[in-house]
Amino acid sequence: MSNQKVWAWLIAGMIAYIPANTYTMLKTSTLVETSEATIIGGVFELIDYGNIGIALVIFVASVLIPIGKFAAVAYLAISVQRRSVLNQHHRHRLFEIVEFIGRWSMIDVFVVAILSALVQLDGLATINPGIAAFSFALSVIFTMLAAQSFDSRLIWDVDRTKP
Amino acid sequence: MHDKRTVALSNALPPLADLIACPQCDTLHRVHDLPDDAQAHCQRCGLVIVTSRPKAIALVLSLALTAFVLMIAAISFPFLDLDAQGRHNSISMLQAVMAFDSGVALLLAVAVAGFIVFLPLTRLAAIIYAIGPLVRDRPARRGAQRAFALAELLRPWSMTEIFIVGVSVALIKVAGIASVTFGPAFWAFCALVIVTVLKDQLICRVSIWKALEQLKG
C-alpha cells in the first residue's frame, strides 16, 4: 500500500525518460550548418572532440544514474512488498546512495541552460534547448519524488514480525 | 480494553523525552547527554542521529547569513562573459536560466530558476528565521518549527553544487568557439556552494528541533 506513490512517480519518471532520449536536447546553428543532438548524440560529439572525461560525466549523469535509479527504486519497492529479510543493510545503503546521487542527473539540464544563454551570437552561432531538455528535467524530478516517497523504515519492518 | 502486555511495555520504557527514533530505520534509542564534539550513530543503520557541538547553531546561523548575502551578489553581478570574433555576450545567472523562454520550455525555466536561485534562497531565509532567536537564547519566533521543516523539505531541491558542475561542462563545450571570462557572480556562487556544504555538514537536526521545542514562544 505505502508503495503506491513510489510506483506512480517511478513510472512517470520512466515515461518521461523516453522522449528525453528520442528528441533533441540541443539545437546548434552556425553559419554553415544546423545540427540537433540528443543526449547520446551529445556524448558522442564530445568524444569526437576528444573530451573523453566530460563525455563520461554526461554519460554517467544522464544515462547510467537515471537507469540505475529506476532499477534501484523498483528493486527496493519490490523487496519491501515481498517482505524480504535479505541484505537489509545493503538495501538501506542502496537507498542512501539513490537519495544522494539522483539529483546529480540534473547536470545536463543545467549545461543546456547555460549553453543556450551564452551562445546567442546572431549570425555566428546560436544554441537553443530542445524538447528533450524539458522531458529529461521532468524525469529527474519524478524519480527524485519516487525516492523520497519510499519509506526506508519499511526495509526494517519485517524484523518486528519475524518469529 | 486493558492489555497486559501494553502496560508492561510502557512501564519499561523511559519517559518519551529520553527516547529517540532513528529517522531512517525507526530503531528506538535512549538519548544520553553527549560529550562535546561527539556523534551518536544509529545502532542498526549507522545514520548519525545526534552531533554534539555547543557552538554549532551559532555557526550554522552565520554560515546561512553568509550564503544569503553571496546569493544576492551572485544574482546581481554578471556571471559569464563570452567573446567570439569581436562579438560579445555577457549574462547574469537569471539570464542563464531564462534561456528557456518559449512554450513548454518556460516551465523548465521556472524549475531551473527554482533549483539554483529561489529554493536555495527560501531555504536560507527559513533557516535564518527559525534559528536566529535561538542563538541569542530568545524564545523561538512564531512558526519557527514550520520554517525549519520547510528548510529540511527543500534540501534535496536546492541544487547549487550541481549547477556549478553544469557550468564547468558548458564552458568546456564552448571553449572551441569562443573565449569565456568569469564575472564576479561566478566567484560569489562558488563561495556560496562551499559555504552551503559546510553549513549542511554542521546542522544537527535533533539539537535544533530540541532547542525549538524548548524555547517555543
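Calculation criteria
- Residues numbered from 1 in each chain as written.
- Chains lettered and ligands numbered in written order.
- Predicted model: local features only at pLDDT ≥ 70, side-chain atom pairs only at ≥ 80, totals over all residues.
- Heavy atoms only, no water.
- Helix = DSSP H or I, 4+ residues; strand = E, 2+ residues; numbered from the N terminus.
- Rg over C-alpha atoms; globule rule 2.2 N^0.38 Å.
- Buried < 20%, exposed > 50% of the residue type's maximum accessible area, 1.4 Å probe, protein only.
- Contact = heavy atoms within 4.5 Å.
- Lys, Arg positive; Asp, Glu negative; His and termini not counted.
- Charge placed at Lys NZ, Arg CZ, Asp CG, Glu CD.
- Phe/Tyr/Trp six-rings, centres within 6.5 Å; stacked < 30°, edge-to-face > 60°.
- Expected span 1.5 Å × (residues − 1).
- Arc of directions from axis to C-beta.
- Pairing = 2+ DSSP bridges.
- Axes fitted to C-alpha atoms, helices over the stretch in contact; angles between N-to-C directions.
- Domains from an automatic or database assignment.
- Salt bridge = Lys/Arg side-chain N within 4 Å of Asp/Glu carboxyl O.
- Polar contact = N/O pair within 3.5 Å; in protein donor to acceptor, adjacent residues only side chain to side chain.
- Nonpolar A, V, L, I, M, F, W, Y, C, P; charged D, E, K, R; others polar.
- Buried area = accessible area lost by both parts, 1.4 Å probe.

Visitor: Would you explain the overall build of chain A in this entry?
Guide: Regarding its fold elements, chain A presents seven helices and four strands. Ordered by position from the N terminus, the helices and strands of chain A form the series α-β-β-α-α-α-α-β-β-α-α. Taken over the C-alpha trace, chain A has a radius of gyration of 19 Å; the compact-globule value for 163 residues is 15 Å, which it surpasses by more than 25%. For the C-alpha atoms alone, the extent of chain A along its principal axes is close to 75 × 30 × 20 Å. Residues counted as buried form 50% of the 163 residues belonging to chain A. Across chain A, every contact between residues at least 6 apart in sequence was considered, and the portion connecting residues at least 24 apart equals 73%. Separation between the mean location of the 11 positive side-chain charges and that of the 11 negative ones in chain A comes to 18 Å.

Visitor: Mind showing me how you'd approach the packing of aromatic side chains here?
Guide: For any pair of aromatic rings, geometry is given as the distance between the ring centres together with the angle between the planes. Residues and elements named next belong to chain A. If you walk through the whole model with that rule in mind, you get 14 aromatic pairs over all chains. Ring centres 5.4 Å apart and planes at 50° place the aromatic pair Phe95 and Phe150 in the tilted group. Here the residue Phe95 occupies a position in helix 4 (residues 88-101), and Phe150 occupies one in the loop between helix 6 (131-149) and helix 7 (154-161), the gap between them amounting to 55 residues. Across this residue pair, the class does not change: Phe95 and Phe150 are buried.

Visitor: Please explain helix 1 (residues 4-22) of chain A as it appears in this structure.
Guide: Since the α-helix packs 3.6 residues into each turn, any two residues three or four apart lie on the same face. All names here are of chain A. The end-to-end C-alpha distance of helix 1, which contains 19 residues, comes to 28 Å, matching closely the 27 Å that a straight helix rising 1.5 Å per residue would cover. Listed as buried for helix 1 are Val6, Leu10, Gly13, Ala16, Tyr17 and Ala20. In an axial view of helix 1, the angular spread of the buried residues amounts to 135°, which keeps them on one side of the axis. Exposed residues on helix 1 whose side chains face more than 90 degrees from its buried face are Gln4, Ile15, Ile18 and Thr22. Where helix 1 is buried, its residues contact helix 2 (39-48), helix 3 (52-81) and helix 6.

Visitor: Would you explain the sheet that holds strand 5 (residues 80-84) of chain B in this entry?
Guide: Each strand in a sheet pairs with its neighbour through backbone hydrogen bonds, running either in the same direction (parallel) or in the opposite one (antiparallel). Here three strands make up an open sheet; going across it, the order is 6-5-7 (chain B) and the pairing antiparallel. Lying at the two open borders of the sheet, with one neighbouring strand each, are strand 6 (87-91) and strand 7 (179-182) of chain B. Going from strand to strand, the sheet's axes swing by 15° on average, the running direction of each strand aside. Strand direction decides the pairing type here: strand 5 of chain B and strand 7 of chain B, joined by four bridges, are antiparallel. Across the sheet, the residue bridging to Asp83 of chain B is Ser179 of chain B, located in strand 7 of chain B. Most of the contacts of helix 5 (residues 107-118) of chain A go to strand 6 of chain B, to which it runs at about 135°, and overall it touches strand 5, strand 6 and strand 7 of chain B.

Visitor: Explanation requested: the sheet that holds strand 2 (residues 34-37) of chain A in the structure shown.
Guide: All names here are of chain A. Here four strands make up an open sheet; going across it, the order is 2-1-4-3 and the pairing antiparallel. This sheet does not close on itself; its edge strands, each paired only once, are strand 2 and strand 3 (120-121). Alignment of strand 1 (residues 26-30) against strand 4 (residues 125-129), held across five bridges, turns out to be antiparallel. Paired with Leu26 across the strands is Pro129, a residue of strand 4.

Visitor: When you look at the domain arrangement of chain B in this model, what are you seeing that I'm missing?
Guide: Interfaces are often sized by the accessible area lost when the parts come together. Residues and elements named next belong to chain B. Domain boundaries in chain B define domain 1 (1-52) and domain 2 (55-214). Averaged C-alpha coordinates put domain 1 and domain 2 at centres separated by 35 Å. Residue-level contacts link five residues of domain 1 with four residues of domain 2. On the surface where domain 1 and domain 2 come into contact, there are zero salt bridges. At the surface where domain 1 touches domain 2, the tally comes to zero residue pairs in polar contact (both at pLDDT 80 or more). By residue number, the principal contributor to the side of domain 1 that touches domain 2 is strand 4 (residues 48-52), which donates three residues. Considered class by class, the residues forming the side of domain 1 that touches domain 2 number four nonpolar, one polar and no charged.

Visitor: Could you clarify how one ought to interpret the interface of chain B and chain A in this entry?
Guide: Each side of the interface is counted separately: chain B has 42 residues, and chain A has 41 residues. Overall, the association of chain B and chain A removes approximately 3900 Å² of surface from exposure, summing both partners, and the carbon and sulfur fraction of that is 78%. In terms of surface lost to chain A, no three residues of chain B exceed Gln24, Arg44 and Lys173 of chain B, which account for 16% of the buried area on that side. If you look at where chain B meets chain A, you find two salt bridges. One salt bridge connects Arg103 of chain A with Glu161 of chain B, and the closest N-O pair in it is separated by 3.0 Å. Applying the counting rule to chain B against chain A returns four residue pairs in polar contact (both at pLDDT 80 or more). Ranked by residues supplied to the side of chain B that touches chain A, first place goes to helix 6 (residues 160-174) of chain B with twelve residues. Class assignment for the residues of the side of chain B that touches chain A results in 30 nonpolar, six polar and six charged.

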